[in-house]
Amino acid sequence: MSRHQPLSKAAATMAALMCSPFAIAEMAPLDDAGMAEVSGRGGIYLSGDISINELGGPIQNDYFGRCDEQDKKCGARLAYQLKEGGGWMVLDEIRGMFAFEGLTLRVRSIDSGFGGDGELFNRDVIELGLPDTVRFNDVQFKIAASNTPRPTDPGFMQTDIFAVEMQGDVLMQGNLLVFPEGTP
């Protein structure tokens, strides 16, 4: 018999005692009366670390490749068209890592303020509460104009406007309000 057995039995017994209250717990639906007693804040609180194509994307062809290849592009690509039939604005070669804590998302009612326009608006908006600090680590991307959304499309031409590299902390404060368009 090993001299380690008594310790492992004690650890197993301790783990079983600590977990037993959770083993019998179950989820149960709340009725309207039960929900009325629950208080809290509406919305979502997000924190996270996001890495985007630190080494390059999975696509490898004449245009895209690994980040260590000098003649190839690497990273994610986001193309958007500002008007139908117009050219494309592009965020290209997006890569790096950023972390944030405290981004909030909620619905807010605008029925006053805004120089008197809030009362006329009298509708809900989406409010993005900016986190206090966003940390950037080797974040890089290019802003460009293109005639097609994808570099693999026939006749593709792109003009890089400028490149961005970010490192360190950015302090953010305030809220971003997203106003719905159209009639309710």
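The structure we're discussing is the one just above.
Fair warning: this is a prediction, and the values are worked out from it, not measured in the lab.

Thresholds applied
Residues numbered from 1 in each chain as written. Predicted model: local features only at pLDDT ≥ 70, side-chain atom pairs only at ≥ 80, totals over all residues. Heavy atoms only, no water. Helix = DSSP H or I, 4+ residues; strand = E, 2+ residues; numbered from the N terminus. Contact = heavy atoms within 4.5 Å. Areas by Shrake-Rupley, 256 points an atom, 1.4 Å probe, with all protein chains shown as cover. Pairing = 2+ DSSP bridges. Phe/Tyr/Trp six-rings, centres within 6.5 Å; stacked < 30°, edge-to-face > 60°. Buried < 20%, exposed > 50% of the residue type's maximum accessible area, 1.4 Å probe, protein only. Core = buried A, V, L, I, M, F, W, Y, C linked by side-chain atoms within 4.5 Å. Salt bridge = Lys/Arg side-chain N within 4 Å of Asp/Glu carboxyl O.

Peer 1: Help me out: how do you make sense of the overall build of the protein chain in this one?
Peer 2: Across its full length, the protein chain carries three helices and seven strands. In the protein chain, of all internal contacts separated by at least 6 residues, the share reaching a separation of at least 24 is 62%. Of the accessible surface of the protein chain, which amounts to about 14,000 Å², a share of 57% is contributed by carbon and sulfur atoms.

Peer 1: Any chance you could explain the pairing of strand β3 (residues 88-110) here in plain terms?
Peer 2: Successive side chains on a regular strand alternate, one facing one side of the sheet and the next facing the other. Where strand β1 (residues 44-52) lies against β3, nine bridges are found, and the strand directions are antiparallel. What sits directly across from Ser47, in β3, is Glu101. Two elements, strand β2 (residues 76-81) and β3, share five bridges in a ladder whose sense is antiparallel. For Gln81, the partnering residue across the bridge sits in β3 and is Trp88. Hairpin connection between β2 and β3: a loop of six residues separates the two successive antiparallel strands, and Gly85 in this loop has a positive phi of roughly 85°. Sheet topology places β3 next to strand β5 (residues 133-146); 10 bridges connect them, and they run antiparallel. Residue pairing across strands places Met89 opposite Ala145, the latter belonging to β5.

Peer 1: Help me out: how do you make sense of the packing of aromatic side chains in this one?
Peer 2: Between two aromatic rings, the relevant description is the distance of the centres plus the angle of the planes. Inspection of the entire model under this criterion finds three aromatic pairs. Aromatic side chains Phe98 and Phe136 sit 6.2 Å apart centroid to centroid with 35° between the ring planes, which places their arrangement in the tilted category. Note that Phe98 is positioned in strand β3 and Phe136 in strand β5, a separation of 38 residues in sequence. The exposure class of Phe136 is buried, given its relative accessible area of 16%.

Peer 1: Would you mind going over the nonpolar core with me for this structure?
Peer 2: For soluble globular proteins, the rule of thumb is that nonpolar side chains tend to be buried together. Ile94, Phe100, Val134, Phe136, Val139, Phe141, Ile143 and Val164 form the largest nonpolar core, which has eight residues in total. When contributions to this core are tallied by element, the ones reaching two or more residues are β3 and β5. The element best represented in this core is β5, accounting for five residues. In this structure, Ile94 is in contact with Ile52, Asn53, Gly75, Ala76, Leu78, Gln140 and Phe141, ignoring residues within four places of it in sequence.

Peer 1: For this particular structure, what's the right way to read the pattern of salt bridges?
Peer 2: Summed over the entire model, instances satisfying the criterion amount to seven salt bridges. A salt bridge links Arg106 to Glu127, with the nearest nitrogen and oxygen atoms 2.8 Å apart. You can see Arg106 sitting in strand β3 and its partner Glu127 sitting in strand β4 (residues 123-129), a full 21 residues away along the chain. The exposure class assigned to Glu127 is buried, which follows from its relative accessible area of 5%. With a shortest N-O distance of 3.7 Å, Lys142 and Asp160 are connected by a salt bridge. Placement of the pair is Lys142 in strand β5 and Asp160 in strand β6 (residues 158-171), with a sequence separation of 18 residues. On the basis of relative accessible area, Asp160 is assigned to the partly exposed category, the value being 36%. The structure contains a network of salt bridges with shared partners spanning Glu93, Lys142 and Asp160.

Peer 1: How should I be thinking about the environment of Gln140 in this particular structure?
Peer 2: Looking at the secondary structure, you find Gln140 in strand β5. By relative accessible area, Gln140 is classed as partly exposed at 24%. The contacts of Gln140, once residues within four sequence positions are left out, are Glu93, Ile94, Arg95, Val164 and Glu165.

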